[in-house]
Amino acid sequence: PECQPSSTPTSNGLLNTKTNYQQSPINKRSGITLSSPERIYPLSFITYLSRFLLVFDPECQQWWYTQAITGIPAKTSSKEEVDKRRLEQFGQFAASVEVGLIDFESDDGPRRLLEQLVRRYAGVSLDGDATNSKSDVFSTSSSSSTSGSVTGTSSSTSAQQQKQIRKKKEALRQIALLFSLLKEYQPVDMITELLAADDDAKIDRVVVVDGGSGYYPLSYPEVTFPDPPTLGTVFGGSTAKGKVIMKTSGRVLKVDVLQGGSGYSKAPTVEISFPLNNLGNETASDKIQAKAKAYLGKGKLKGTIDRIEITDPGKGYNSMEDTFISISHPESPEGKNAVARAVLEHQVSCVEILETGRGYAAERSQVIKIDPPPGGGRPAVAMAYPRGKSTSYSSFQTVGDGGLDYQGAVSSTSSISASTSNADTANSWVIGPTSSQLLSLLPSGFGLQFDDTLQRYILTTSSSDNFDDSMFGTLEGMKFKQINPIFGIRGRSPIEREKTLDASTVLRFMASGAICSSVAHLILTPIDVVKTKVQTQPEKYNSGIVGTFQKVWKDEGPLTFFDGWEPTFVGFFFSGAAGFFLTEWFRRQYSSILMASMMAQSTLTEMNAASFLSSYEIPLVAASAATSGFCCCFLLAPFDAVRIRTVSQPDFAGSIVGVTSRMVKEEGLLSLFSSVNVWFLKEIPYNIVKFVVFDTSVEYLYDMFPAAREDIRLSLVVSLVGGIAGGVAASIVSNPADVVVSELKKTKTKMTPLEAVERLKERNGYKAFATGLSLRMIFYSLLVSLQFLLYDAVRIGLSVGSDDMKLYLNVLGAALKETTA
């Protein structure tokens, strides 16, 4: 069962207010997609950040538990259905978090995001400033925990203060674990600061990796420990101090010429004594005799030894024995023997810790700087290993804390609490879909190690052999298993709502519909003219599509193909403006009515009711298209009557105004609207099928090719294909009514629609109602596809495309806004 808050959450939380819905930056026009932040932030980071917010942010947590109460219908009793719905809700939440990460998509984005998370959830700043007066609890954590028992109010206050300390320190640990999931853009230095703040480690041991070479006897190079990472003034640390202990390296560093002698005509032979076995524990292979070569001086120093250079430093010499230098006699009888002494090389044996310092991270060893030999040589290298009060493998939350105490929402068994279970078997918790699992954060046994090769932190898990040791102390020499856990899914779309239609938006919607509808009909006027002639004069034009086109061209000339273009263009300009906008408007109105009904009959909130509308999408589209079509019939009927009369009787009048005036004069104004009832039978089914088939086809294509949702060119191709399918289907259902309208308006008549139907049946039976169907299928497949193609293109151009009309719930921005207040 899911953990529930102690009281029913109110609906006025930060994430439930409409002020946090913002214009979505995802837009095909700009090329920004939902997955854009994944250039820097992998999905594991996004989903774990989502978990972090759901656990540490009270408003996010309130949203999550509100969904458990109001986001799942009461009739849903199957555990599988509940788990599936909760996983979908988490996916939407994670998608909203990812959209918010677009604001942190720059190369310095991870650093800015980490800084804001630390300020928001730990109350401190990486730049050294505390964000509120309560942040000083960190500095008193050590003394408070050992201050002894206190009674009454003081005891309660102290316990509460310690609980807040643990909560904030756990937040720092979780943020460090979160950012270890980054690779290329990992802010290593900032993670180290977070770990240092939690560990408060002291230098425990120093290991000399390389003792160096070239150091003289009695030389003591300076040792410099790195300053500890500090997290503002609250976590001020102190630098460790130490000194070197030197020893001989067993090699001869150099030979000093004490007396150059005289009488040498050639370089003498120099012999260095073999190292003795004074220590008693060396073998023959441990000892190599050093070798050297003498060089004579020049000019005034001719005949004397100028210098002696080491050619082989040897091995196995020590300061407990005397090392002798033997130099051959000079060739001249009056000459004097040269005198020299061997100087043994020294190296760093160890580093003695004088002051341990504090404020280091136990997860990362420190490189100690040791001064190089003054005369040249290889400087010594040493590593310092800190030991902390804790490590990243240990959670700060205790079972007694009851998880996180926001409205009692997390139970005492939450995985965020300290755990003593074997971490080898703890991986299963990260992939479960239930509410309690989705709110779990990495427990004890999961922590960080610094990879010296990759130069970044990696997320690892301890084993049963070193589980307890890794929780406290030093991580030196421990080997851990790197993991790449799954923290949940990221949904296909964020938590969204539709943008309100204001006057500017309405005008742009209407302009989009007017342009696409009038232009598309104007382009296809030749097909419409031929279709009308076939329907009004079937006995004359009965030689098929190609034959009819050829006959019209031959008998009436090419200009005939554009007869009636004026009423076509004007009529569909106004009807397109009204039709496309009204379809959108009625869809919103019907959706609001349905949502209100759902909310009245259950505990669903507006947000959750909206998420259930997807199952009613087709009925809503059909209803809105039917209503829109009904309204448009009154606009289309008079213009189409004029168009048909113009095409069927080319000599009826010389212009659209003349045709209209003559029809009104001879037949009355109402004659222009006499076919409205037939238009209902034509336009309403046409509109319903057009929009339903188009939406269904487009949704299917988007499911088959998800990339088309984010690419403007592919999305237009999808609109084109969906339009073809919608046009063919719409032409079939509306053809009978279209034939009747043509019959009524081809000449002056007092026929009623029913009489026109009877005349058509008498003429050619039921086949008469399929007259011109092949042309209409071609016409409307081209028309509808062209309409939707132009409609989408113009809407995008006018900034009222589908992406422009979406507002998303800015989860991350709402959660972090206190840091910028």
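What you see is a predicted model, and the numbers here were worked out from it, not measured in a lab. (Residues numbered from 1 in each chain as written. Predicted model: local features only at pLDDT ≥ 70, side-chain atom pairs only at ≥ 80, totals over all residues. Heavy atoms only, no water.)

> So, the overall build of the protein chain: which residues are in play, and what are the values?
The secondary structure content of the protein chain amounts to 21 helices and 16 strands. Considering the protein chain as a whole, with its 821 residues, one finds that 51% of them fall into the buried category. For the protein chain, the accessible area works out to roughly 36,900 Å², and carbon and sulfur atoms hold 57% of it. (Helix = DSSP H or I, 4+ residues; strand = E, 2+ residues; numbered from the N terminus. Buried < 20%, exposed > 50% of the residue type's maximum accessible area, 1.4 Å probe, protein only. Areas by Shrake-Rupley, 256 points an atom, 1.4 Å probe, with all protein chains shown as cover.)

> Please give an account of empty space enclosed by the protein that cites residues and values.
For the coordinates displayed, the defined rule picks out five cavities of 30 Å³ or more. Roughly 210 Å³ of volume is contained in the largest cavity. Every residue lining the largest cavity is counted, 20 residues in all, and those nearest its centre are F572, E683, Y686, N687 and K690. Listed by contribution, the elements that provide at least two residues to the lining of the largest cavity are α10 (503–523), α13 (565–601), α15 (617–648), α17 (676–704) and α20 (773–797). In terms of residue class, the lining of the largest cavity is built from eight nonpolar, nine polar and three charged. Looking at the second largest cavity, its volume works out to about 50 Å³. Lining the second largest cavity, in full, are H521, D528, K531, F572, D640, R643, W679, K682, F779 and Y780. Mapped onto the lining of the second largest cavity, the elements with two or more residues apiece are α11 (525–536), α15, α17 and α20. Split into classes, the residues belonging to the lining of the second largest cavity amount to four nonpolar, one polar and five charged. (1 Å grid on protein atoms, 1.4 Å probe; cavity = no way out; pocket = protein on both sides within 12 Å on 5 of 7 lines; lining within 4 Å. Points joined across faces, edges and corners; volume = space filled by probe spheres on them. Nonpolar A, V, L, I, M, F, W, Y, C, P; charged D, E, K, R; others polar.)

> Let's hear about the sheet that holds strand β2 (residues 202–210): which residues, and what values?
A sheet is described by the order of its strands in space; here four strands give the open sequence β2-β11-β10-β3, paired in antiparallel fashion. Looking at the sheet topology across the chains shown, the edges are occupied by β2 and β3 (223–224). Relative to strand β10 (residues 366–370), β3 is paired through two bridges, and the arrangement is antiparallel. Of the residues in β10, the one forming a bridge with T224 is K369. (Pairing = 2+ DSSP bridges.)

> So, the packing of aromatic side chains: which residues are in play, and what are the values?
Counted by the stated rule, this structure contains 20 aromatic pairs. Ring geometry for Y41 against F45: centres 5.1 Å apart, planes inclined by 35 degrees, an arrangement best described as tilted. Between the aromatic rings of W63 and W64, the centroid separation amounts to 6.3 Å while the plane-to-plane angle is 40 degrees, which identifies the pairing as tilted. Exposure remark for W63: the relative accessible area of 2% places this residue in the buried category. Through a chain of ring-to-ring contacts, three or more aromatic side chains come together here, namely W63, W64, F90 and F93. Directly above the aromatic system of F450 lies the positively charged group of R364, at a separation of 4.0 Å from the ring centroid. (Phe/Tyr/Trp six-rings, centres within 6.5 Å; stacked < 30°, edge-to-face > 60°. Lys NZ or Arg CZ within 6 Å of the ring centre and 35° of its normal.)

> Account for the confidence of the model for the protein chain, with residues named and values stated.
Considering every residue of the protein chain, the mean pLDDT works out to 80; 81% of them sit at 70 or more. When the elements of the protein chain are averaged for pLDDT, helix α5 (residues 141–145) gives the smallest value, 41, and β3 the largest, 96. Here residues 130–137 scores under 50 on pLDDT; set against residues more than four positions off or in separate chains, the count is 16 contacts. Contacts from residues 403–433, a stretch scored under 50 in pLDDT, to residues over four places away or in other chains number 97 contacts. (pLDDT = per-residue confidence, 0-100. Contact = heavy atoms within 4.5 Å.)

> Report on the packing of helix α4 (residues 109–122) against helix α7 (residues 188–199), specifying residues and quantitative values.
It is the contact of α4 with α7, at a shortest axis distance of 10 Å, that shows an interaxial angle of 20 degrees. It follows from the interaxial angle that α4 and α7 lie roughly parallel. Note that α4 runs across α7; the crossing there is left-handed. Taking contact as the criterion, the partners of R111, L114, E115 and V118 in α4 are, on α7, D189, M190, I191 and L194. Across the contact of α4 with α7, the residue classes break down as five nonpolar, no polar and three charged. (Axes fitted to C-alpha atoms, helices over the stretch in contact; angles between N-to-C directions. Parallel < 35°, antiparallel > 145°, perpendicular 65-115°, else oblique. Left-handed = near helix turned anticlockwise from the far one by under 90°.)

> Quick rundown of unusual backbone geometry? Include the residues and the values.
Phi is positive for D200, which is not a glycine, with a value near 45 degrees. In this structure, D200 sits in the loop between α7 and β2. Despite not being glycine, S799 has its phi angle at roughly 65 degrees, a positive value. Along the chain, S799 turns up in the loop between α20 and β16 (806–809). Accessibility expressed as a relative area gives 33% for S799, which makes it partly exposed.

> Help me get a handle on the side chain of E105, residues and values and all.
Inspection of the secondary structure assignment puts E105 in the loop between α3 (79–100) and α4. Apart from the residues lying within four places of it in its own chain, the contact partners of E105 are S36, P37, R39 and I40.

> Before we move on, can you summarise a nonpolar patch on the surface with the specific residues and values?
Together, V717, L720, V721 and I724 make up a nonpolar patch on the protein surface, roughly 290 Å² of accessible area in all. Positionally, V721 belongs in helix α18 (residues 712–745). (Patch = residues over 30% accessible without salt bridge, like charges linked within 9 Å, V, L, I, M, F, W, Y side chains within 5 Å. Salt bridge = Lys/Arg side-chain N within 4 Å of Asp/Glu carboxyl O.)

> Give me the lowdown on the sheet that holds strand β1 (residues 21–23), citing residues and values where you can.
One open sheet holds the three strands; their spatial order is β1-β16-β15, and the pairing between them is antiparallel. Each end of this open sheet is capped by a strand with a single partner; those strands are β1 and β15 (496–498). Between one strand axis and the next, the sheet turns through 40 degrees on average, direction left out of account. Relative to β16, β15 is paired through three bridges, and the arrangement is antiparallel. From the neighbouring strand, E496 faces β16, where its bridge partner is Y808.

> Tell me what's going on with the state of the cysteines, and back it up with residues and numbers.
By definition, a disulfide links the sulfur atoms of two cysteine residues through a covalent bond. This model, assessed by the stated rule, comprises zero disulfides. In this model C631 remains outside any disulfide bridge; the closest cysteine sulfur is found in C632, 6.8 Å from its own. Looking at C631, the relative accessible area reads 30%, which means it is partly exposed. (Disulfide = S-S within 2.5 Å.)

> Can you lay out α10 for me, pointing to particular residues and giving the numbers?
The end-to-end C-alpha distance of α10 is 30 Å, a good match for the 30 Å that 21 residues give at a rise of 1.5 Å each. Every buried residue of α10 is accounted for by T505, V506, F509, S512, G513, A514, C516, S517, S518, A520 and H521. (Expected span 1.5 Å × (residues − 1).)

> Lay out the pairing of β16 with the relevant residues and their values.
When β1 meets β16, the two strands line up antiparallel, connected through three bridges. Bridge pairing in β16 links Y21 to L809.

> Talk me through helix α12 (residues 544–556); I want residue IDs and the actual numbers.
Two residues of an α-helix separated by three or four positions point the same way, owing to the 3.6 residues in each turn. The first and last C-alpha atoms of α12 sit 17 Å apart over 13 residues, in line with the 18 Å expected at 1.5 Å per residue. Looking at α12, one finds that the buried residues are G547, T548 and V552. Considered in projection along α12, the buried side chains sweep an arc of 135 degrees and stay on one side of the axis. Exposed and oriented more than 90 degrees from the buried face of α12 are V546, Q550, W553 and K554. (Arc of directions from axis to C-beta.)

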